[in-house]
Amino acid sequence: MVNYVDRETTLCISLAARPSNHGVRFHNWLYAELGLNYLYKAVAPTDITAAVAGIRGLDIRGAGVSMPYKQDVIPLIDALDPSAERINAVNTIVNTDGELVGYNTDYVAVASLLRSHGVDPSLPVAVRGSGGMANAVVAALADHGMSGTVVARNAETGPALAERYGWDWSPEEVPAGARLLVNVTPLGMTGLAPEAQAFSDAEITAADIIFDVVAYPVRTPLIAAAERLGRPSINGGEVVALQAAEQFALYTGVRPTPEQVEAAEAFANEETAENI
């Protein structure tokens, strides 16, 4: 599907060091499906300060923000939504009449999935990873009423993330009592660690639910192991689709149906699968 572009077309972009076509295909498919005169384009900024100024100066409606710019854009915009303020990271900028507000739709997506999957807030959690996405995940878990352990080898970011939310930190060992296991590392990701299973079969068996944030592929070794061992799971494809749908709603004021989101995600993943 291709939208007709004219002088009235509203432009949205993404700012990424290594842009992909996923967001381009997802958003533009929905624009065409819903008859919206919008266009989405991925860009790799050479100067993030100038890029954010361009959002304001060119009246660009919105921008997705990827690493390494999620903190860099904060002093360049006017305000933070509570979703971004909570974790001091922005993955979405919305421009309303020249005022730039930062959001974090990763946080929103994870919080929504915890509710929709009926995750019991009393379950002890083990989160493997302490990078930028782990910050959003742990914040959403903590705000869901959960507590647990950050399992991360990084002796700086691991303890810092755990301390921020009053959790424990372990460099490698997963606590025996963990009942929700969450992977927020590249383990299982195509092209990086495709065969790696983030938690052992024994750890999965002892848990109640498994959550893997890796989206490429959706069926990671961890998700496959959860299926094999009869444990319910939440996968990274759900996170990607929900956060993108939330961005879409922020940009356009239109909330697509779950069926439209599923179709847009399938369209976006067609090329992703071909290029992995």
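What counts and what doesn't
- Residues numbered from 1 in each chain as written.
- Predicted model: local features only at pLDDT ≥ 70, side-chain atom pairs only at ≥ 80, totals over all residues.
- Heavy atoms only, no water.
- Helix = DSSP H or I, 4+ residues; strand = E, 2+ residues; numbered from the N terminus.
- Rg over C-alpha atoms; globule rule 2.2 N^0.38 Å.
- Buried < 20%, exposed > 50% of the residue type's maximum accessible area, 1.4 Å probe, protein only.
- Contact = heavy atoms within 4.5 Å.
- Areas by Shrake-Rupley, 256 points an atom, 1.4 Å probe, with all protein chains shown as cover.
- Lys, Arg positive; Asp, Glu negative; His and termini not counted.
- Charge placed at Lys NZ, Arg CZ, Asp CG, Glu CD.
- Core = buried A, V, L, I, M, F, W, Y, C linked by side-chain atoms within 4.5 Å.
- 1 Å grid on protein atoms, 1.4 Å probe; cavity = no way out; pocket = protein on both sides within 12 Å on 5 of 7 lines; lining within 4 Å.
- Points joined across faces, edges and corners; volume = space filled by probe spheres on them.
- Nonpolar A, V, L, I, M, F, W, Y, C, P; charged D, E, K, R; others polar.
- Phe/Tyr/Trp six-rings, centres within 6.5 Å; stacked < 30°, edge-to-face > 60°.
- Lys NZ or Arg CZ within 6 Å of the ring centre and 35° of its normal.

Draft legend 1. Looking closely at the overall build of the protein chain. A count of helical and extended segments in the protein chain gives 10 helices and 12 strands. At 19 Å, the protein chain has a C-alpha radius of gyration in line with the 19 Å of a compact globule built from 276 residues. When its C-alpha atoms are laid out on the principal axes, the protein chain stretches across 60 × 35 × 30 Å. For the protein chain, the residues scored as buried account for 51% of the 276 residues in total. When contacts within the protein chain are restricted to residue pairs at least 6 apart in sequence, long-range pairs at least 24 apart make up 65% of them. Total accessible area computed for the protein chain in this model is approximately 12,600 Å², and 51% of it derives from carbon and sulfur atoms. Averaging the locations of the 17 positively and 33 negatively charged side chains of the protein chain gives two centres separated by 2 Å.

Draft legend 2. Representation of the nonpolar core in the model. Formed by 35 residues in total, the largest nonpolar core has its most connected members in Leu 141, Trp 167, Leu 180, Val 182 and Phe 211. Every element with two or more residues in this core is listed here: helix 4 (105–116), strand 7 (125–128), helix 5 (132–143), helix 6 (157–164), strand 10 (180–183) and strand 11 (209–212). Examining the composition of this core, we find that eight residues originate from one element, helix 5, more than from any other. Leaving out residues up to four positions away in the same chain, Phe 211 has contacts with Val 110, Leu 113, Leu 180, Leu 181, Val 182, Asn 183, Leu 222, Ile 234 and Val 239. Cys 12, Phe 26, Tyr 40 and Ala 245 belong to the second-largest nonpolar core, a separate cluster that totals 22 residues.

Draft legend 3. The layout of surface pockets, seen in detail. Approximately 1,700 Å³ is the volume attributed to the largest pocket. Around the largest pocket, the lining comprises 44 residues; the ones closest to its centre are Arg 18, Ser 20, Ser 66, Met 189 and Tyr 216. Sorting the residues of the lining of the largest pocket by element identifies helix 1 (22–34), strand 2 (38–43), strand 3 (62–65), helix 5, helix 9 (236–252) and helix 10 (258–275) as the ones contributing at least two each. A total of six residues in the lining of the largest pocket trace back to one element, the largest contributor, which is helix 9. Per-class residue counts for the lining of the largest pocket are 21 nonpolar, 19 polar and four charged.

Draft legend 4. Quick peek at the packing of aromatic side chains. As enumerated under the stated definition, the model contains two aromatic pairs in all. Ring-pair connections join several aromatic residues into one group, and the members of that group are Tyr 31, Tyr 38 and Phe 248. The cationic tip of Arg 128 hangs over the ring face of Phe 199; the distance from NZ or CZ to the ring centre is 5.0 Å.

Draft legend 5. Region of the structure containing the environment of Val 73. By the secondary structure assignment, Val 73 is in the loop between strand 3 and strand 4 (79–80). In this structure the C-alpha to C-alpha distance between Val 73 and Ala 155, which are 82 residues apart in sequence, comes to 26 Å. Setting aside chain neighbours within four positions, we find Val 73 in contact with Ile 48, Val 52, Val 65, Val 90 and Ile 93.

Draft legend 6. Representation of empty space enclosed by the protein in the model. Inspection of the entire model under this criterion finds one cavity of 30 Å³ or more. In this model, the largest cavity occupies a volume close to 50 Å³. Met 67, Lys 70, Gln 71, Ile 87, Ala 89, Asn 104, Asp 106, Gly 132, Met 133 and Ala 136 together form the lining of the largest cavity. The greatest single-element share of the lining of the largest cavity, amounting to three residues, is contributed by helix 5. Tallied by class, the residues present in the lining of the largest cavity amount to five nonpolar, three polar and two charged.

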